[in-house]
Amino acid sequence: MTAALSNHQIRSNIESHLLQALLLCVGGCYLWWLTRYQIHWDEFYYLAQIHQFVNFGEARSLQSLHVHLFPWLTQVAANEVDQVNLGRGVMLIALSISGWALYQLARHYLDSKASLFALICWLSVSYVLNSGAQFRVDPLLCALISSAYSLLICRPHHRSTRFGAPILVAIALMLSIKSLLLLPALALLQWGAHHSKAVAITRLLLSATLTLTLFSIMLMLHQGVSSPPEISGVAPGATGTLSSALQYTLLNLQWFPRFDYFKQLLLDNPALVFAASIGLISLIKSRPACLAGQSANQTPTLGLALIAQSLPLLSLLFYRNAYPYFYPLLLIPLSLLAGLGWQWLSHSRIRRFRYLLLLFILPTLFQFGLMKPQWHNQTEQRQLLSVIHQLFPEPVAYLDRSGMIASFPKVGPFLSSWTLSKYASNQHPVLREAILKHQPPLYLVNTPVLDLDHRIYPKWGAKLVEEDQKALRAHYLPLWGPLYVAGKQLVLTEQTQQIQLVIGGQYQLMGPGSVLLDQQRFAADDMITLAPGHYRLKAFVPGTYQLRWQGLQPPHHSPPHSPLFSGF
């Protein structure tokens, strides 16, 4: 008997040590990922909104609460990559809060080892590894909503839950309107915590009232300290943002619009798939009382908790923006099922299959936690931004995809798939208008639609309208890789010709000889101050000439030749 107990204790200790060691490996992968994995375009956009608020006091009415949380980032580092990495550090803390909430949920129903496996399984999912701590709104939403889950499930009748959950939800709604997709889950959890329908309805109404009140107060305070941004007429106010976002992401119905990402999730994460499948089978085989109602301690049963938290998974069927960063919160119920599967295996005849599940996790960690950050790293992004700050010691206006040079004032719209869809429908030359209005001397090719000559990106389906293409070709010169500066390339003869310049500033004349510009003679390499307008000029020596803004010279080292962003 003693020997049997001793062997059981030894196996239990080995199991605990293996799980703890694997958790440490997962933590190491996140630290490796933090400062190596390529910055996503959304992360630069998130940072650019903060700079815009700090520099100009401008912020959208909705979905911009983060500008009040991270203004310190603009002061702690010169390179935008370093600023994003520091922001990622904060998001890693938010991810840790989500992980702690998941562990608390699991411990409410499962033993400690099964709960630890559920946490490890969640943290080692490919989409959580690569998107769970990105510098964007989603890690904050995940921390807020998972904490609300934990309160509503583990302490549904406590005073802290009555006030804490509505506060968390109100903040989540201020951060992003996608939080609306999570409200049914929260409502069902609160409903399931009460035997009496009258009490449940009363609590739901009180929670909804408190949430709306807090949301309204935060919205008014936020609008009181910020003004709407003015970027080429594409930045609507609160009502416009809400209606446009709902129309594009929710009401533009398409069946399972991001099925490819869901399929890839299943292929890349066999440990989660197998463990959750075992957990689901064991749950179905359990007593019917486990699937609905309350447990003995008047908290939602595991079945009800899983059903409620799984409701947001239905949004995958219609939500257009269900990209990998949207998945971490959705995967919490599947991770709980995985923990249940581990616990069931622990008491079955095939208990050794648990170690096979741990082995399934290792390739995912290796591929997405170690190798992907190495393959898709920040080197070229950091190098490009360093060059830009050397060439432009003072901020200048610029055109690009998403505000990659966050400390400079970006003009023109954020070229997301949403914006490009509206752009293709309207056929309005917003880039030409931005150039004429703001005169940006810098133009950065960091998306296929801006690469008119396909120097970096292959041919792509979406195209700029003809007026925008002509404006970019007419007023910019390639300088270094994806970097273009204001200027003109001219074929001049002894015959006078007229040119139009729309970006004012100092230009260096480059060419084989002197030219006559509006009756003034300028030699090659002269610096000429030009205002926007029309000019007449001719060459004393016919040939190809350039007018290049500030006479900027490209760095001697090789520029990036591959796309600056690799997607998700």
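Predicted model only: the values in this text are computed from it and were never measured. (Residues numbered from 1 in each chain as written. Predicted model: local features only at pLDDT ≥ 70, side-chain atom pairs only at ≥ 80, totals over all residues. Heavy atoms only, no water.)

## Digging into the packing of aromatic side chains
Link 1 in the chain: This model, assessed by the stated rule, comprises 25 aromatic pairs.
Link 2 in the chain: The interplanar angle of 45° and the centroid separation of 6.3 Å between the aromatic rings of Phe70 and Trp72 together place this pair among those described as tilted.
Link 3 in the chain: Using a relative accessible area of 3% as the deciding quantity, one classes Phe70 as buried.
Link 4 in the chain: With 6.5 Å between their ring centres and 40° between their planes, Phe259 and Phe262 make a pair best called tilted. Here the residue Phe259 and the residue Phe262 both occupy positions in helix H12 (residues 259-268), the gap between them amounting to three residues, near one helical turn.
Link 5 in the chain: Given the relative accessible area of 41%, Phe259 is considered partly exposed.
Link 6 in the chain: Feature note: the residues Trp41, Phe44, Tyr261, Tyr323, Tyr325, Phe565 and Phe568 constitute an aromatic cluster, connected by ring pairs.
Link 7 in the chain: If you follow Arg136 out to its NZ or CZ, it ends over the ring of Tyr325, 4.0 Å from the centre.
Link 8 in the chain: The side chain of Arg401 reaches across the aromatic face of Trp41, ending 3.7 Å from its centre. (Phe/Tyr/Trp six-rings, centres within 6.5 Å; stacked < 30°, edge-to-face > 60°. Buried < 20%, exposed > 50% of the residue type's maximum accessible area, 1.4 Å probe, protein only. Helix = DSSP H or I, 4+ residues; strand = E, 2+ residues; numbered from the N terminus. Lys NZ or Arg CZ within 6 Å of the ring centre and 35° of its normal.)

## Here we look at the environment of Ile167
Link 1 in the chain: Along the chain, the position of Ile167 falls in helix H8 (residues 159-175).
Link 2 in the chain: Separated by 21 residues in sequence, Ile167 and Ser146 have C-alpha atoms that sit 13 Å apart.

## Focus: the pairing of strand S11 (residues 543-549)
Working note: regular strand, side chains alternate between the two faces of the sheet.
Link 1 in the chain: Burial runs high along S11: five of the seven residues are buried.
Link 2 in the chain: Pairing geometry for strand S6 (residues 505-510) and S11, over four bridges, is antiparallel. Opposite Leu509, over in S11, you have Leu547 as the bridge partner. (Pairing = 2+ DSSP bridges.)

## Overview of the side chain of Lys372
Link 1 in the chain: If you trace the backbone, Lys372 turns up in helix H17 (residues 353-375).
Link 2 in the chain: Within the buried set, Lys372 has no salt-bridge partner at all; the shortest N-O distance to an opposite charge, 7.3 Å, is to Asp268.
Link 3 in the chain: Leaving out residues up to four positions away in the same chain, Lys372 has contacts with Tyr37, Asn130, Gln367 and Phe568. (Lys, Arg positive; Asp, Glu negative; His and termini not counted. Salt bridge = Lys/Arg side-chain N within 4 Å of Asp/Glu carboxyl O. Contact = heavy atoms within 4.5 Å.)

## A word on the packing of helix H4 (residues 80-109) against helix H18 (residues 379-391)
Link 1 in the chain: Contact geometry of H4 with H18 gives a least axis separation of 8 Å together with a crossing angle of 130°. Between H4 and H18, the crossing angle belongs to the class labelled oblique. Here Glu80, Val81, Asp82 and Asn85 of H4 lie close against H18, whose contacting residues are Gln381, Arg382, Leu385 and His389.
Link 2 in the chain: Looking at the contact of H4 with H18 residue by residue, the classes come out as two nonpolar, three polar and three charged. (Axes fitted to C-alpha atoms, helices over the stretch in contact; angles between N-to-C directions. Parallel < 35°, antiparallel > 145°, perpendicular 65-115°, else oblique. Nonpolar A, V, L, I, M, F, W, Y, C, P; charged D, E, K, R; others polar.)

## Some words on the nonpolar core
Link 1 in the chain: Counting 175 residues, the largest nonpolar core has Phe117, Trp122, Phe392 and Leu472 as its most contacted members.
Link 2 in the chain: Per-element tally for this core: the top contributor is helix H7 (residues 138-154), with 11 residues.
Link 3 in the chain: Apart from the residues within four sequence positions on either side, Phe392 is in contact with Phe408, Leu442, Val485, Trp549 and Leu552. (Core = buried A, V, L, I, M, F, W, Y, C linked by side-chain atoms within 4.5 Å.)

## Here's the deal with the confidence of the model for the chain
Link 1 in the chain: When pLDDT is averaged along the chain, the result is 89; 92% of the residues meet or exceed 70.
Link 2 in the chain: Across residues 231-241, confidence stays below pLDDT 50; counting only partners more than four residues off in sequence or on other chains, it has 16 contacts.
Link 3 in the chain: Note that residues 288-294 has pLDDT below 50 and, in this model, 23 contacts with residues that lie over four places away or in other chains. (pLDDT = per-residue confidence, 0-100.)

## Describing the packing of H4 against helix H16 (residues 332-346)
Link 1 in the chain: Look at H4 against H16: their axes get within 10 Å of each other, and the N-to-C directions meet at 40°. Between H4 and H16, the angle falls in the class oblique. Note that H4 runs across H16; the crossing there is right-handed. Listed contacts from H16 to Leu102, Leu105, Ala106 and Tyr109 of H4 are Ile332, Ser335, Leu336 and Gln343.
Link 2 in the chain: Here the contact of H4 with H16 is composed, by residue class, of six nonpolar, two polar and no charged. (Left-handed = near helix turned anticlockwise from the far one by under 90°.)

## Description of the pattern of salt bridges
Link 1 in the chain: Tallying each qualifying case throughout the model produces seven salt bridges.
Link 2 in the chain: The partner of Glu43 in a salt bridge is Arg88, with the nearest N and O atoms 2.8 Å apart. With Glu43 in helix H2 (residues 41-56) and Arg88 in helix H4, this residue pair connects regions lying 45 residues apart in the sequence.
Link 3 in the chain: For Glu43, a relative accessible area of 0% puts it in the buried group.

## Considerations on unusual backbone geometry
Link 1 in the chain: Although it is not a glycine, Phe256 sits at a positive phi angle of roughly 45°.
Link 2 in the chain: Along the chain, Phe256 falls in the loop between helix H11 (238-251) and H12.
Link 3 in the chain: Judged by relative accessible area, Phe256 falls into the buried class, the value being 17%.
Link 4 in the chain: The phi angle at Asp525 is positive, at roughly 80°, despite the residue not being glycine.
Link 5 in the chain: Looking at the secondary structure, you find Asp525 in the loop between strand S8 (520-522) and strand S9 (527-530).

## Things to note about the pairing of strand S4 (residues 483-492)
Link 1 in the chain: In terms of residue burial, S4 counts as a mostly covered element, since eight of its 10 residues are buried.
Link 2 in the chain: Strand direction decides the pairing type here: strand S2 (residues 442-444) and S4, joined by three bridges, are antiparallel. Within S4, the residue paired with Leu442 across the bridge is Val485.
Link 3 in the chain: In the sheet, strand S3 (residues 476-480) pairs with S4 via four bridges, with the strands oriented antiparallel. When the sheet's bridge partners are listed, Leu477 is paired in S4 with Val485.
Link 4 in the chain: Here six bridges tie S4 to S11, and the two strands are oriented antiparallel to one another. Bridge pairing links Leu492 to Gly543 in S11.

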